[in-house]
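Observations on the model geometry
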Amino acid sequence: MNAVPLLAAAAFLALAGCGYVGPVVPPSAQIPLAVTDLSVNERGDQLIIQFTTAAHTTDGAAVRKYSSIDLRIGVAPEPFDTEAWAKNARTVEVTPPPSEGKREEARPIAITKSVPVKEWAGKQIAVLVRTSSRGEDHYSAWSNLIELKAIAPLAPPESRLEATAAGYKLTWLQPEAGAEYRIFRQGPNDKTPVELETTKQSSYTDGSAQWDTPYTYSVVAVKGGAESLPWISKPISVPDTFPPSVPTDVTAFPSSDAMEVAWKRSPEADLAGYFVYRSANEGPLEKQNGMVNVPSYSDHKVEHGKTYRYAISAIDAKGNEGEKSSPIEVAFP
């Protein structure tokens, strides 16, 4: 028998017995992927730093445990040079997240760290982070770079809250030069405050609020990349005693058998309708038959040769009637 086929067969059996199924896979380098979502926001007297650790290494292995989080903050050189910055940057202590143990899949882990802004106020700073799962010689690449100008902490914008005919009005008592203001409102059906507006003005009127409904307002000052802690009002609920505004642009003209009266629609959200007042030949203004729901009225009780005056008032759902408009006078020929 030929010895070559026997040797080949023996080799095949030996490999099969050892469970050989493919080429040898080298062990993972265990270098995590770089953080890509680093963010830094100045809020009150703190810098709020947030990022998410990677779930995998550069070669696709799952990261079960992080041994080190290297988070640094320092003055940003111009032009920016990572190596030069890193030598002088301050390390922010971050406790690595706990081991993922025997979870089927590794997962990214969100980390938040607060740093007092006092030391960095007035400086252009840079923040970077890198991670390691196997000591200091297996760090990931540095994360996305964050540069920002830190400023002195913004104070919560103390405000005056009052009920006006146009709605709840907020006025900042000590406006911050160059700041914008974010206004939030939380009603009885809101789980969290809802943002209403951002304004550069020194006051804001919420015309969409409903009377007889409890609300809490909050205001945050924003300047550059910094924001204050919120000023929060006491809950407020005011009964509706405010009548609608006076109707405007009232016009009247005769048709073949009526006087046609029209005016501009009132803007109030709780508007119920209008009352029409009429006088003939300088007589007193008298309210006509009940409320009308649209901003127009056809007066069929007119006589040729007489002069008529018309005035309009608006009324809301609570029965608050506003002032009458200035009378308009028209002859019916």
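Residues numbered from 1 in each chain as written. Predicted model: local features only at pLDDT ≥ 70, side-chain atom pairs only at ≥ 80, totals over all residues. Heavy atoms only, no water.

**A short note on the sheet that holds strand 12 (residues 203-206)**
The strand order 8-9-12 describes an open sheet built from three strands, whose pairing is antiparallel. At either end of the open sheet lies a strand with only one pairing partner, and these are strand 8 (159-164) and strand 12. Put simply, the sheet's adjacent strands are angled 20 degrees from each other on average, direction ignored. Looking at chain direction, strand 8 and strand 9 (residues 167-172) are connected through six bridges and run antiparallel. Of the residues in strand 9, the one forming a bridge with Arg 160 is Thr 171. (Pairing = 2+ DSSP bridges. Helix = DSSP H or I, 4+ residues; strand = E, 2+ residues; numbered from the N terminus. Axes fitted to C-alpha atoms, helices over the stretch in contact; angles between N-to-C directions.)

**Things to note about the pairing of strand 10 (residues 180-186)**
Both strand 10 and strand 13 (residues 216-223) contribute to a ladder of seven bridges, which runs antiparallel. Along strand 13, the bridge assignment pairs Gln 186 with Thr 216.

**Quick word on the sheet that holds strand 7 (residues 146-149)**
Working definition: the strands of a sheet are paired by backbone hydrogen bonds and lie parallel or antiparallel to each other. One open sheet accounts for four strands, arranged 4-3-6-7; its pairing is antiparallel. Each having just a single partner strand, strand 4 (90-92) and strand 7 make up the two edges of the open sheet. Put simply, the sheet's adjacent strands are angled 25 degrees from each other on average, direction ignored. Across four bridges, strand 6 (residues 124-132) lies against strand 7 in antiparallel orientation. Along strand 7, the bridge assignment pairs Ile 125 with Leu 148.

**Brief notes about the packing of aromatic side chains**
For any pair of aromatic rings, geometry is given as the distance between the ring centres together with the angle between the planes. This model, assessed by the stated rule, comprises nine aromatic pairs. Grouping aromatic residues by their ring pairs yields a cluster made of Tyr 168, Trp 211, Tyr 215, Tyr 217 and Phe 242. One Lys or Arg, Lys 287, reaches over the ring of Phe 275 and ends 4.0 Å from the middle of that ring. The side chain of Lys 324 reaches across the aromatic face of Tyr 277, ending 4.8 Å from its centre. (Phe/Tyr/Trp six-rings, centres within 6.5 Å; stacked < 30°, edge-to-face > 60°. Lys NZ or Arg CZ within 6 Å of the ring centre and 35° of its normal.)

**Examining the confidence of the model for the protein**
Any residue range with low pLDDT should be treated as having predicted coordinates unsuitable for detailed reading. Mean pLDDT over the protein works out to 90, with 90% of the residues at or above the 70 mark. The low-confidence segment residues 1-20, where pLDDT is below 50, has two contacts with residues more than four positions distant or belonging to other chains. (pLDDT = per-residue confidence, 0-100. Contact = heavy atoms within 4.5 Å.)

**Structural notes on the layout of surface pockets**
The computed volume of the largest pocket comes to approximately 310 Å³. Lining the largest pocket are 20 residues; nearest its centre among them are Ala 209, Trp 211, Glu 268, Ala 269 and Asp 270. Among the residues making up the lining of the largest pocket, the classes are represented as nine nonpolar, four polar and seven charged. Around the second largest pocket sit 15 residues that line it, and Ala 155, Pro 156, Pro 157, Gln 174 and Glu 176 are the ones nearest its centre. Class assignment of the residues belonging to the lining of the second largest pocket gives a composition of eleven nonpolar, one polar and three charged. (1 Å grid on protein atoms, 1.4 Å probe; cavity = no way out; pocket = protein on both sides within 12 Å on 5 of 7 lines; lining within 4 Å. Points joined across faces, edges and corners; volume = space filled by probe spheres on them. Nonpolar A, V, L, I, M, F, W, Y, C, P; charged D, E, K, R; others polar.)

**A closer look at the pattern of salt bridges**
Close approach of charged atoms allows side chains with opposite charge to pair. The tally for this structure, following the rule as stated, stands at 13 salt bridges. We note a salt bridge from Arg 185 to Asp 206, for which the minimum N-O separation is 2.7 Å. One end of the pair, Arg 185, is in strand 10; the other, Asp 206, is in strand 12, with 21 residues separating them in the sequence. Judged on exposure class, the residue Arg 185 and its partner Asp 206 are both buried. Asp 212 is the salt-bridge partner of Lys 318, the closest N and O atoms lying 3.5 Å from each other. In this pair, Lys 318 sits in the loop between strand 21 (306-316) and strand 22 (328-332) while Asp 212 sits in the loop between strand 12 and strand 13, placing the two residues 106 residues apart along the sequence. Shared partners join several salt bridges into a network, and the residues in it are Arg 43, Arg 182, Glu 195 and Glu 227. (Salt bridge = Lys/Arg side-chain N within 4 Å of Asp/Glu carboxyl O. Buried < 20%, exposed > 50% of the residue type's maximum accessible area, 1.4 Å probe, protein only.)

**Quick notes on the nonpolar core**
Membership of the largest hydrophobic core comes to 24 residues, with the highest contact counts inside it found for Leu 38, Leu 47, Ile 49, Phe 51, Leu 71 and Val 127. Elements with a minimum of two residues in this core: strand 2 (46-52), strand 3 (68-75), strand 5 (110-116), strand 6 and strand 7. Beyond its immediate chain neighbours, meaning those up to four positions away, Leu 47 contacts Val 40, Asn 41, Glu 42, Ile 73, Lys 113, Ser 114, Val 115, Val 117, Trp 120, Ile 125 and Leu 148. (Core = buried A, V, L, I, M, F, W, Y, C linked by side-chain atoms within 4.5 Å.)

**Considering the side chain of Ser 233**
Among the secondary structure elements, Ser 233 is positioned in the loop between strand 15 (231-232) and strand 16 (251-254). When its relative accessible area of 8% is taken as the criterion, Ser 233 is described as buried. The contact partners of Ser 233, leaving out residues within four places of it in the chain, are Leu 161, Thr 216 and Tyr 217.

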